Structure formats: C-alpha cells, structure tokens
Amino acid sequence: MEGIGIGTAPSFRVPIPSLSVVRRRRIPVSKDPAFGFPMNRERRNSSPLFCIKAEEEAKDATIAVTSSSGDIAKSEDVGKSVDDSAAKQGIKIRRRPTTGPPTHYVGPFEFRLENEGNTPRNILEKIIWDKEIEVSRLKQRKPLIMLRKSLEDAPPVRNFIEALRASYHRIGMPALIAEVKKASPSKGVLREDFDPVHIARTYEKNGATCLSVLTDEKYFQGSFENLEAIRRAGVKCPLLCKEFIIDAWQIYYARCKGADAILLIAAVLPDLDIKYFTKICNMLGLAVLVEVHNEREMDRVLSIDGVQLIGINNRNLETFEVDISNTKRLLEGERGDIITQRNIIVVGESGLFTPQDISYVQNAGVKAVLVGESLIKQDDPGRAIAGLFGKDISS
C-alpha cells in the first residue's frame, strides 16, 4: 500500500515525546503543467511533539480542459472535491484516499495507520489510486505542451465507430473488438508467450474489426509501447486504448501512441469529466467508448449529449461476478428506445465465451462485443474467433 495515498484531508498526528523537534522547510508551490493547478505542496509542522509525513496534495477539484486553441472550460462545481461531486452521482469509486497516506515515518521507523479512509475498498479503487500517482509523475516528466508537439508525428486517426457499423452490416453479427491482453488482477497472467504484434495480426486476419490494447502496466502487464508497436506494424484495425483515464494528459498521450479511440469508465468519472474528456477526444478525432455497469450509470451517460458508443460491462465491480443478463436489463424499455433513436452503438463486455452468448447479447440490442480472456487463453487466439461466433467471420 506504500505510496498510493494522495489527498487533501488532514494528516495523522502521532505523539512522539521522545523525539527531537522535526522542522520542515516550505516547498514552493509549482503549477501542474497540464492544467495550471497548484501541486506538490507540503505543510509546515506546527507542533514540536508531532511528526507528520506528507504526500502529494491532490489538485483542486476544479476541472479545466485546455484545448489546442487555448480555450478553457471550467467546472460549475468550483471548490468542491472530486469525490463529493462523484458521490452525488452514485459513484462509489473514490479517486484518492480521503484521510491521507497510509504509510508514515518516524526517524528510521516506518509504521502504518490503516482505516476506511486510506484503504481501497476494491481492486478498481486501488488501481485508480495508483493511477493518480503514476499520471502525476508522468506529467512532470513529459508535460502536456510536449505531447502537443508530438501530435504532429502521430499517425492519422482511423474511424473506429464506422468500422464497427460496417462490420455489423457485413456479417449480420456484432462486430468484434478483440483485446490484446496479457494479464488481469483477478486471473493473473493469461498468456505466457505474449507477443502483442503477432496477436494483433492474428486477430485481424481472423475477422476482428477493431482491437483493444491494454496499456496499464502494474495490474495488466500492458504498456503504451504495445499500442505503439501494433500501430507501427501496419495493423489496419482501429485501436482502442484500454486505460484507466482520469486525466486529459492520458488522452493526448494515447493519441501520440497511435490510438483511434479511448475508454472512459462511468464508475470512476463524474459526468463533468466525461463531458470534457469527450470534448478533447472530439478535438483530436478520437472515438470514445463510455463504459457502464448498472442502470444508474446508463442513465447518467444517456443524459450526456454526443455519446455514440456505450459499453455494458457485465462484471459486478464489487463482487467481480459476471452475468450477461445485465446487458439485456440495461437495454430494456425506455433506455433501449433512446439508444435506438440516437443510433448509439452498444458494446457487450465480459462473460462472452460461446456463440450462444453472442446471440443473446445481439438479441438484446448489442452491435459490437469486446472480448479478451476467452480468446487470448486459447492455443490459437485467431482461430478461437470462429469458435466464439460459431462461424468464420473473416472477410
């Protein structure tokens, strides 16, 4: 758990009467290179009998997105914390620990103070907390202004959404987004002989319309280098960057590495984040797959203008159980009518292993499926596609 805490809540104070006074120097406030917010501030220790280990302070919850033209869009929730705004929308995943870092130091000794506020409640929350730290460090090494310059050398964007539509009309079955995925937090390594370029080419040869490439390194053993390598290898399938997006910086970085689409997770991101991140993607020409897990998240996403691609993840985030009837439930009634009227493509995710599973979600209204585990674990992931669909779907 060391190093996963970022927060603005008060630090723990522990009486250490036998220690000498610990004096802290003030560190000047610097500006976040992407958004211009104060960051990396430390507080002065005001008591000689207390020892405080401060971590990075969270950025102000005011969300601002700077476009290439210099326009800035600001949140109406100025001054409110990200987690407070998210909680009102039913988001249970906290963006950072609420009570400060769990690891503290007194001289050469390290000790932990654990409570509900600094202990992740599930694996997704732990991933997000670690991602906050990871992105903060990456932004310092490669500021947004450097990424913008790199965009000039980025390959042209392919039309992710139109590729899915064309495939659905061609084969009369959901278009396949095949996932290039080495490991997962729950199952561990899925494929030891993992060659991302070879797997991508095999998927494309056997009928995949688009590819999803895992870029998270710590929990999925993926990387942006895999994404870039697949793009540079001449694979024609449009590429979805499968990343835990929490910052606009990641979107620019994905575009520089050759992504044609990115994933936004409604269980993590408040509506305002989804709106502004979508605005950035539109500016960069990227498609956006917004992932939902339940009715409330679906309703939130349907209330956002401009959404063209919605993924329904059949995995329960709290129990990790998978139930593909979740897809049918979320597409019934008025929600399904809205999706049809707006011509939104729905992508089925998780729990798809057989032709019967594909047929079930198609009848529910799905026009594309994102499949990883049931393909990547097979001896020949490419040929496994025909087994999944019950026929050869290659052109």
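The structure reproduced in this document is the subject of the present report. None of these values were measured; they are calculated from a predicted model.

**Details of the nonpolar core**
Then comes step 1: Within the largest apolar cluster, 102 residues are counted, with the highest numbers of intra-cluster contacts made by Y203 and L211.
Then comes step 2: The leading source of residues in this core is helix α7 (residues 248-256), at 7 residues.
Then comes step 3: Setting aside chain neighbours within four positions, we find Y203 in contact with A178, E179, V180, A208, L211, G372, L375, I376, P381 and I385.

**Re the environment of K126**
Then comes step 1: Along the chain, K126 falls in helix α2 (residues 123-141).
Then comes step 2: Engagement of the side chain of K126 in a polar contact is seen with the side chain of Y219, the distance being 2.9 Å.

**Some thoughts on the pairing of strand β15 (residues 287-292)**
Then comes step 1: With 6 of 6 residues buried, β15 lies mostly within the body of the structure.
Then comes step 2: The alternating pattern of β15 places A287, L289 and E291 on one face and V288, V290 and V292 on the opposite face, and all of these are buried.
Then comes step 3: As for the winding sense of the linkage, the β-α-β connection from strand β14 (residues 261-265) through helix α8 (residues 271-284) to β15 is right-handed.
Then comes step 4: As paired strands, β15 and strand β16 (residues 309-313) are joined by 3 bridges and run parallel to one another. Paired with V292 across the bridge in β16 is I312.
Then comes step 5: Read as a crossover between parallel neighbours, the route from β15 over helix α9 (residues 295-302) to β16 is right-handed.

**Re the pattern of salt bridges**
Then comes step 1: Tallying each qualifying case throughout the model produces 25 salt bridges.
Then comes step 2: Ionic pairing is found between D273 and R95, a salt bridge with its closest N-O pair at 3.2 Å. Here the residue D273 occupies a position in helix α8, and R95 occupies one in the loop between α1 (82-88) and β7 (103-106), the gap between them amounting to 178 residues. Accessibility classification places D273 together with R95 in one group, the buried group.
Then comes step 3: Notably, a salt bridge pairs K139 with D247, separated by 3.0 Å at the nearest N-O pair. Of the two residues, K139 is situated in helix α2 and D247 in the loop between β13 (239-242) and α7; the sequence distance between them amounts to 108 residues.

Conventions used here
Residues numbered from 1 in each chain as written. Predicted model: local features only at pLDDT ≥ 70, side-chain atom pairs only at ≥ 80, totals over all residues. Heavy atoms only, no water. Core = buried A, V, L, I, M, F, W, Y, C linked by side-chain atoms within 4.5 Å. Buried < 20%, exposed > 50% of the residue type's maximum accessible area, 1.4 Å probe, protein only. Helix = DSSP H or I, 4+ residues; strand = E, 2+ residues; numbered from the N terminus. Contact = heavy atoms within 4.5 Å. Polar contact = N/O pair within 3.5 Å; in protein donor to acceptor, adjacent residues only side chain to side chain. Right-handed = clockwise from strand over helix to strand, strands pointing away. Pairing = 2+ DSSP bridges. Salt bridge = Lys/Arg side-chain N within 4 Å of Asp/Glu carboxyl O.

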